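Each chain is listed here by its residues.
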Amino acid sequence: MQWKKIELIDNNARQQHVEQKTLLQLKDMDPYVHLNTRFQCTVTITKLAPNQGWYYLACKICNSRSYYKNSAYKCSKDTCPCTEAEDRYKLAFMAADETYELEFVVFDQKAQQLIGKPLQRLQSMYNKFDTPSEISNLIGQSYTFIVKMSAKKSMENDEPSYDVIYIKEQFGRQPNIPVFQKTNSLTAISSSQAVQRNIPLLIPMEPKKIQ
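- As annotated in an unreviewed UniProt entry, the protein chain carries the name Replication factor A C-terminal domain-containing protein and comes from Urochloa decumbens.
- Under the UniProt heading Sequence similarities (unreviewed entry), the note attached to the protein chain is "Belongs to the replication factor A protein 1 family."

So this is what it looks like as structure tokens:
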């Protein structure tokens, strides 16, 4: 596999030391111990997370999910008094390296950086329940991410989910991506058992730099 390195991280993030981890190592992290720890991983996006959508109605103060009720917006967080809301990117996808496959979630400007278009532009082009081609084209792209564990998802589910904090590097589209067949016991298969499947040639995204 040939990597084409494109630097995408800002100077402040570059100065922060984060430990490189495989996805199998990230899978085994204790959410009660490593909840606020940042890690670095290099992955290939394998598929979009099912039934997740690509944006949500967010509270303007705390970014929690907001609801429209009785002619007003209400934040889902009981302690938040905000009554204003706006749509916000929330892109969930599965990504893999040679060791395992996990879920990652990217919000707002980081999602726009991956997709290459602002949310309002996609909303004017696609129905809420459609998957924009600009998003599906991310499948097969490889990146180095700086991530941290998602608190609620990781504590409620069998496997952790990670929020993307920075997009450090982009390596472009890969000709093959690993496919993992997980057992009920969630035991990871080794890299030698990972099946490689070809993916069709898709339109490459334009790399973006963090301002």
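1. Section: unusual backbone geometry
Stage number 1. Of note in this structure, N63 is not a glycine but carries a positive phi near 70 degrees.
Stage number 2. Looking at the element boundaries, N63 is found in the loop between β4 (55–59) and β5 (66–69).
Stage number 3. Residue N63 is classed as partly exposed on the basis of its relative accessible area of 30%.
Stage number 4. One non-glycine residue, N70, lies in positive phi territory at about 55 degrees.
Stage number 5. Considering the arrangement of structural elements, one finds N70 in the loop between β5 and β6 (72–75).
Stage number 6. The class of N70 is exposed, set by a relative accessible area of 70%.

2. What about the environment of P132?
Stage number 1. Here P132 lies in the loop between α4 (119–125) and α5 (133–136).
Stage number 2. A relative accessible area of 0% places P132 in the buried class.
Stage number 3. Note: C-alpha distance between P132 and L122 (10 residues apart in sequence) is 7.2 Å.
Stage number 4. Here P132 is in contact with W54, L122 and Y126, once residues within four sequence places are set aside.

3. So, the side chain of E103
Stage number 1. Residue position: E103 is located in strand β8 (residues 101–107).
Stage number 2. Looking at E103, its side chain comes within polar contact range of the side chain of S161, at 2.8 Å.
Stage number 3. When sequence neighbours within four positions are dropped, the list of residues in contact with E103 reads A49, Q52, A92, F93, M94, K153, P160, S161 and Y162.

4. Section: the packing of aromatic side chains
Stage number 1. Scanning all chains against the criterion turns up nine aromatic pairs.
Stage number 2. Relative to F107, the ring of Y56 has its centre 6.3 Å away and its plane inclined at 75 degrees; by these criteria the two rings are edge-to-face. Of this pair, Y56 sits in strand β4 while F107 sits in strand β8, and the two are 51 residues apart along the sequence.
Stage number 3. For the pair F93 and F104, a centre-to-centre distance of 6.3 Å together with 25 degrees between the ring planes defines the contact as stacked. Of the two residues, F93 is situated in strand β7 (residues 85–96) and F104 in strand β8; the sequence distance between them amounts to 11 residues.
Stage number 4. Overall, F93 belongs to the buried group, its relative accessible area being 1%.
Stage number 5. Grouped by ring-pair contacts, the aromatic residues F93, F104, Y143, F145 and Y162 constitute a single cluster.
Stage number 6. Sitting above the plane of the Y100 ring, K27 keeps its charged end 5.6 Å from the centroid.
Stage number 7. The ring centre of Y56 lies 5.9 Å from the NZ or CZ of K90, which sits over that ring.

Rules of the game
- Residues numbered from 1 in each chain as written.
- Predicted model: local features only at pLDDT ≥ 70, side-chain atom pairs only at ≥ 80, totals over all residues.
- Heavy atoms only, no water.
- UniProt positions renumbered as here; feature names shortened; annotations may be inferred.
- Helix = DSSP H or I, 4+ residues; strand = E, 2+ residues; numbered from the N terminus.
- Buried < 20%, exposed > 50% of the residue type's maximum accessible area, 1.4 Å probe, protein only.
- Contact = heavy atoms within 4.5 Å.
- Polar contact = N/O pair within 3.5 Å; in protein donor to acceptor, adjacent residues only side chain to side chain.
- Phe/Tyr/Trp six-rings, centres within 6.5 Å; stacked < 30°, edge-to-face > 60°.
- Lys NZ or Arg CZ within 6 Å of the ring centre and 35° of its normal.

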